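One letter stands for each residue in the lines below.
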Amino acid sequence: MSDFHDAARNGLSSSELETVLRQVGAERYHNRHPFHHRMTSGALSRTEMQAWALNRYCYQAVIPRKDAMILAHAEDPAFRAAWRKRIEDHDGEDGWSGGIARWLHLATSLGLDPDDVKSERLALPATRFAVGAYLSFCTNRTLFEAVASSLTEMFSPLIIGERVPAMLAKYDYITEDTLAYFSRRPEQASRDADFALAYVLGHADTAERQQQAIDALVFKCDILWAMLDALQHAYAEPGNIPPGAFRPEAAL
Ligand SMILES: O=C(O)c1cc(C(=O)O)c2c(n1)C(=O)C(=O)c1cc(C(=O)O)[nH]c1-2
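Residues numbered from 1 in each chain as written. Predicted model: local features only at pLDDT ≥ 70, side-chain atom pairs only at ≥ 80, totals over all residues. Heavy atoms only, no water.

## Notes on the environment of Leu12
Locating Leu12 in the fold gives a position in the segment before helix H1 (14-28). Sequence separation between Leu12 and Ala166 is 154 residues, and the spatial gap between their C-alpha atoms is 38 Å. (Helix = DSSP H or I, 4+ residues; strand = E, 2+ residues; numbered from the N terminus.)

So this is what it looks like as structure tokens:
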């Protein structure tokens, strides 16, 4: 395992920086998390699967808001024209015909109530903090760091490729329709990640900026990791579920 905190100490070439960024993903992306491994091996209870969908909704819902923060910081019209597609992907034409609506469909297909999911009131405390930290990061840090923090998307086609076939094979209550959200994501994520990576490599013109990009990506991997840690802990035993958080129906 690498310690990335001074990886750019002596300055890196563009291709060396790209290699370090990919190394961060290889070591720290949430496809390495035990909760993901339990998901793909068929070991999650239905409650855990529902809790995953309900908590992940909070992440999906904050994405267009953090992208709006990024737009607000961007002075270049061409940058904004490219980046705004992300908001359209998630909100659709009318707010409910894009990715957020498709994630809601995933959650309700697993038996969750749409109002419970949308209200976010049953989410775990750690989910709320993690998602809030992502929004604050993109609000308070530089445009460059916010763009770099989106680079986890370089790795999302990989985790989606692991997750979707395994979920279809291992859980009889999950169908292609349940997982329709994921059918568009790999293509959108590749387009977005290509743009963000070119931006980061093109603007990482000092060792300090290179380190900022690496740190931003580590931070974002930590956000995704913390969300799965929280699920793993909360639903391992009924006594671990925080007050007010989602519970299996029989325990309500
Ligand atoms: O399924 C996943 O594991 C996964 C991961 C990520 C990611 O790596 O941040 C995103 C998504 N999905 C996703 O659906 C999505 O829209 C998205 C946007 C972003 C971002 O940071 O801008 N990440 C992700």
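Let us keep going from here.
## Let's talk about the packing of aromatic side chains
By the definition in use, this model includes 13 aromatic pairs. With 5.7 Å between their ring centres and 85° between their planes, Trp103 and Phe182 make a pair best called edge-to-face. Taken together, the residues span a long stretch of sequence, with Trp103 in helix H5 (residues 99-109) and Phe182 in helix H10 (residues 181-203) at a distance of 79 residues. Pairing Tyr181 with Phe182 gives two aromatic rings, centres 5.3 Å apart and planes at 85°, and the pair type is edge-to-face. (Phe/Tyr/Trp six-rings, centres within 6.5 Å; stacked < 30°, edge-to-face > 60°.)

## Digging into the UniProt feature "domain: Thiaminase-2/PQQC" (unreviewed entry) in the protein
Per the UniProt record, "domain: Thiaminase-2/PQQC" (unreviewed entry) is annotated on residues 22-229. Structurally, residues 22-229 is divided into 76% helix and 0% strand, and its ends, taken at the C-alpha atoms, are 22 Å apart. (UniProt positions renumbered as here; feature names shortened; annotations may be inferred.)

## Re unusual backbone geometry
Where the residue is not glycine, phi is negative for most of them; where a peptide bond is considered, it is trans in most cases. With phi around 65°, Glu120 is a residue other than glycine that occupies positive phi space. By secondary structure assignment, the location of Glu120 is in the loop between helix H6 (114-119) and helix H7 (125-140).

## Brief notes about the site of the ligand
Near the ligand you find 21 residues, and of these Tyr29, Tyr59, Tyr134, Tyr181 and Lys220 are the closest. Side-chain polar atom of Tyr29 to an oxygen atom of the ligand: 2.6 Å apart, as the coordinates give it. Arg163 is positioned such that a nitrogen or oxygen atom in its side chain is 2.7 Å from an oxygen atom of the ligand. Starting from 470 Å² of accessible surface for the ligand in isolation, the protein chains cover 99%. Looking at the shell around the ligand, the elements that each hand over two or more residues are helix H3 (46-73), helix H4 (77-91), helix H9 (156-170), H10 and helix H11 (207-234). (Near = heavy atom within 4 Å. Polar contact = N/O pair within 3.5 Å; in protein donor to acceptor, adjacent residues only side chain to side chain. Areas by Shrake-Rupley, 256 points an atom, 1.4 Å probe, with all protein chains shown as cover.)

## Focus: the side chain of Gln210
Position of Gln210 relative to the elements: it lies in helix H11. A distance of 2.7 Å separates a polar atom in the side chain of Gln210 from the backbone oxygen of Leu12.

## Section: the environment of Tyr59
You can see Tyr59 is positioned in helix H3. Of the residues examined, Tyr59 reaches a relative accessible area of 9% and is grouped as buried. With 71 residues separating them in the primary sequence, Tyr59 and Ala130 have C-alpha atoms 8.6 Å apart. Excluding its chain neighbours within four sequence positions, the residues that come into contact with Tyr59 are Val131, Tyr134, Lys220, Leu224 and Met227. (Buried < 20%, exposed > 50% of the residue type's maximum accessible area, 1.4 Å probe, protein only. Contact = heavy atoms within 4.5 Å.)

## Some points on the packing of H1 against H11
A packed helix pair is summarised by two numbers, namely the angle formed by the two axes and the spacing between the axes. Running from N to C, H1 and H11 point in directions that differ by 15°, and their axes come no closer than 10 Å. The orientation of H1 relative to H11 falls into the category roughly parallel. The chirality of how H1 crosses H11 is right-handed. Across the interface between the two elements, Leu17, Val20, Leu21, Val24 and Arg28 of H1 pack against Gln210, Ala213, Ile214, Leu217, Val218, Cys221, Asp222 and Trp225 of H11. For the contact of H1 with H11, the class distribution of residues is 10 nonpolar, one polar and two charged. (Axes fitted to C-alpha atoms, helices over the stretch in contact; angles between N-to-C directions. Parallel < 35°, antiparallel > 145°, perpendicular 65-115°, else oblique. Left-handed = near helix turned anticlockwise from the far one by under 90°. Nonpolar A, V, L, I, M, F, W, Y, C, P; charged D, E, K, R; others polar.)

## Some thoughts on the nonpolar core
Ranked by internal contacts, the top residues of the largest apolar core, which has 86 residues, are Trp52 and Ile214. Excluding anything up to four places from it in sequence, Ile214 contacts Phe4, Ala7, Ala8, Leu12, Leu17, Val20, Leu21 and Val24. (Core = buried A, V, L, I, M, F, W, Y, C linked by side-chain atoms within 4.5 Å.)

## So, the state of the cysteines
Going through the model one piece at a time under the given rule, you end up with zero disulfides. Here Cys58 stays unpaired: no disulfide links it, and the sulfur of Cys138, its closest cysteine neighbor, is 17 Å away. With a relative accessible area of 2%, Cys58 lands in the buried category. With no disulfide of its own, Cys221 lies 14 Å from the sulfur of Cys138, the closest cysteine sulfur. Overall, Cys221 belongs to the buried group, its relative accessible area being 1%. (Disulfide = S-S within 2.5 Å.)

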